[in-house]
Amino acid sequence: MTQTCILVVDDEPIGRETLAENLSEEGYAVVEADSGEAAWRLIDADPERFDAILLDRMMPDMDGIEILRRVKLRPDMMHVPVIMQTGMTADADVLEGLQAGAYYYLTKPFSADTLLAIVAAATRDYRGHKELAEAVQRQSSTLSCLVQARFVFNTPEEARDLAALAAHAAPDPGRVALGLSELMLNAVEHGNLAIGYDQKSKLIEDGCLHEEISRLLEQPEFNGKYAELEIERSAGELVFTIRDQGAGFDWQAYLEMSPERAFDTHGRGIAMSRMISFDTLEYRGRGNEVKALIRL
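Note that the structure is a prediction, hence the values are computed from the model and not measured.

## Digging into the packing of helix α2 (residues 36-45) against helix α3 (residues 64-73)
And step 1. The contact between α2 and α3 brings their axes to 10 Å, and the two run at 15 degrees. Relative to α3, α2 is oriented roughly parallel. You can see that α2 and α3 cross each other, and the crossing is right-handed. Facing Gly-36, Ala-39, Trp-40 and Ile-43 of α2, the residues of α3 in contact are Ile-67, Arg-70 and Val-71.

Set out below in structure tokens:
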């Protein structure tokens, strides 16, 4: 397996070397840049080299926000996670970074454990995106002829595979697959299996989320539950409707990227789906049904 490569950008030598040492000890390949300009030269020369960018916000030549904006404007890098390390924790400052595409944050000073948890979350999400993109490429494009369909699923694996297939009903499958996968995984994990936000945070921290999902799927109260995906095409729009059999949730708080969750290891899926994959995203009722629309 190819070693996961992290670009560490910091103009302060001791801090940069400490970051690089902690990441190297965890098994990451690390490339260092001592300025924004140096970082951009590395990125521009080989954009597919990096699996995540750990970026200091305040630098004298080119600050972190400018590098972030440049990265997110490149189609070949728009999904690469950028982790912003900063001492600027006011909501307005965090929101500026979120709006520019920094979905992961580290507040200075931070511990090695916090650093490794956030880097692991970011690279896990990016690895999942790349695997999904590869699955989309392998699937048939004949679903562009689809007018109406209904599917059921009850495991994370079925959700990912079905998302990769169903995305081909859309004109841009790569764009849609990520959002579909996030919404369908939510239907399994948070909907049918009732894994709460704080509980998922703890499971990720302990490295046992997948084991807990497998355990729950075998329990009598959960193993008969399923979620469903409906697809309907009309002259002007393509609609994906996802339902689960759970109790629902307070979905309003998750439609936007939130400064309060910028420092967490998860919780970005719904907002990213709304921003990247669909033209409109609408939850219904108690939150166990979501309608995602693409204008044709």
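## Considerations on helix α4 (residues 91-100)
Within an α-helix, residues lying three or four positions from one another point in the same direction, as the helix has 3.6 residues per turn.
And step 1. Considered for burial, the residues of α4 that qualify are Val-94, Gly-97, Leu-98 and Ala-100. On an axial view of α4, the arc spanned by its buried residues comes to 165 degrees, and they lie on one face. Exposed residues on α4 whose side chains face more than 90 degrees from its buried face are Ala-92 and Gln-99.
And step 2. As for α4, its buried residues are in contact with α3 and β5 (104-107).
And step 3. Downstream of α4 by one or two residues, Gly-101 has phi in the positive range, about 115 degrees.

## What to know about the environment of Tyr-126
And step 1. Secondary-structure assignment places Tyr-126 in helix α5 (residues 112-138).
And step 2. Residues contacting Tyr-126, with those up to four places away along its chain left out, are Phe-50, Asp-51, His-79, Val-80 and Pro-81.

## Some remarks on the layout of surface pockets
And step 1. Of the pockets and cavities examined, the second largest pocket occupies roughly 330 Å³.
And step 2. In this structure, the second largest pocket is lined by 13 residues; those nearest its centre are Thr-2, Thr-4, Asp-51, Arg-127 and Lys-130.
And step 3. The residue makeup of the lining of the second largest pocket, split by class, is two nonpolar, four polar and seven charged.

## Some points on the nonpolar core
And step 1. Counting residues in each nonpolar core, the largest one holds 48 residues, and the members touching the most others are Leu-7, Leu-23, Ile-43, Ile-53, Leu-54 and Leu-55.
And step 2. Here this core gets six residues from one element, more than from any other, and that element is α5.
And step 3. Ala-163, Ala-167, Leu-209 and Tyr-283 belong to the second-largest nonpolar core, a separate cluster that totals 47 residues.

## Overview of the packing of aromatic side chains
Geometrically, a pair of aromatic rings is defined through the distance of the ring centres and the angle of the planes.
And step 1. Under the definition given, this model contains six aromatic pairs.
And step 2. Geometrically, the ring pair formed by Phe-240 and Phe-278 is tilted, given 6.3 Å between the ring centres and 55 degrees between the ring planes. Placement of Phe-240 in strand β8 (residues 237-243) and of Phe-278 in the loop between α10 (269-277) and β9 (280-284) is noted, with a sequence separation of 38 residues between them. Judged on exposure class, the residue Phe-240 and its partner Phe-278 are both buried.
And step 3. Consider the rings of Phe-249 and Tyr-254, whose centres lie 6.0 Å apart with planes at 55 degrees: the pair is tilted.
And step 4. The rings of Tyr-197, Phe-249, Trp-251, Tyr-254 and Tyr-283 are connected pair by pair, giving a single aromatic cluster.
And step 5. Sitting over the face of the ring of Tyr-104, Arg-268 holds its NZ or CZ atom 4.1 Å from the ring centroid.

## Topic: the environment of Tyr-103
And step 1. With respect to the helices, strands and loops of the structure, Tyr-103 is situated in the loop between α4 and β5.
And step 2. With 134 residues separating them in the primary sequence, Tyr-103 and Glu-237 have C-alpha atoms 29 Å apart.
And step 3. With near-sequence residues (within four places) excluded, Tyr-103 lies in contact with Val-82, Leu-98, Met-257, Ala-262, Arg-268, Met-272 and Met-275.

## A few points about the pattern of salt bridges
And step 1. This structure, assessed with the given rule, holds 19 salt bridges.
And step 2. Arg-69 serves as the salt-bridge partner of Glu-96, at 3.7 Å between the closest nitrogen and oxygen. With Glu-96 in helix α4 and Arg-69 in helix α3, the pair connects residues that are 27 residues apart, well separated along the chain.
And step 3. Of the residues examined, Glu-96 reaches a relative accessible area of 30% and is grouped as partly exposed.

Criteria and cut-off values
Residues numbered from 1 in each chain as written. Predicted model: local features only at pLDDT ≥ 70, side-chain atom pairs only at ≥ 80, totals over all residues. Heavy atoms only, no water. Axes fitted to C-alpha atoms, helices over the stretch in contact; angles between N-to-C directions. Helix = DSSP H or I, 4+ residues; strand = E, 2+ residues; numbered from the N terminus. Parallel < 35°, antiparallel > 145°, perpendicular 65-115°, else oblique. Left-handed = near helix turned anticlockwise from the far one by under 90°. Contact = heavy atoms within 4.5 Å. Buried < 20%, exposed > 50% of the residue type's maximum accessible area, 1.4 Å probe, protein only. Arc of directions from axis to C-beta. 1 Å grid on protein atoms, 1.4 Å probe; cavity = no way out; pocket = protein on both sides within 12 Å on 5 of 7 lines; lining within 4 Å. Points joined across faces, edges and corners; volume = space filled by probe spheres on them. Nonpolar A, V, L, I, M, F, W, Y, C, P; charged D, E, K, R; others polar. Core = buried A, V, L, I, M, F, W, Y, C linked by side-chain atoms within 4.5 Å. Phe/Tyr/Trp six-rings, centres within 6.5 Å; stacked < 30°, edge-to-face > 60°. Lys NZ or Arg CZ within 6 Å of the ring centre and 35° of its normal. Salt bridge = Lys/Arg side-chain N within 4 Å of Asp/Glu carboxyl O.

None of this, on its own, says anything about what the molecule does.
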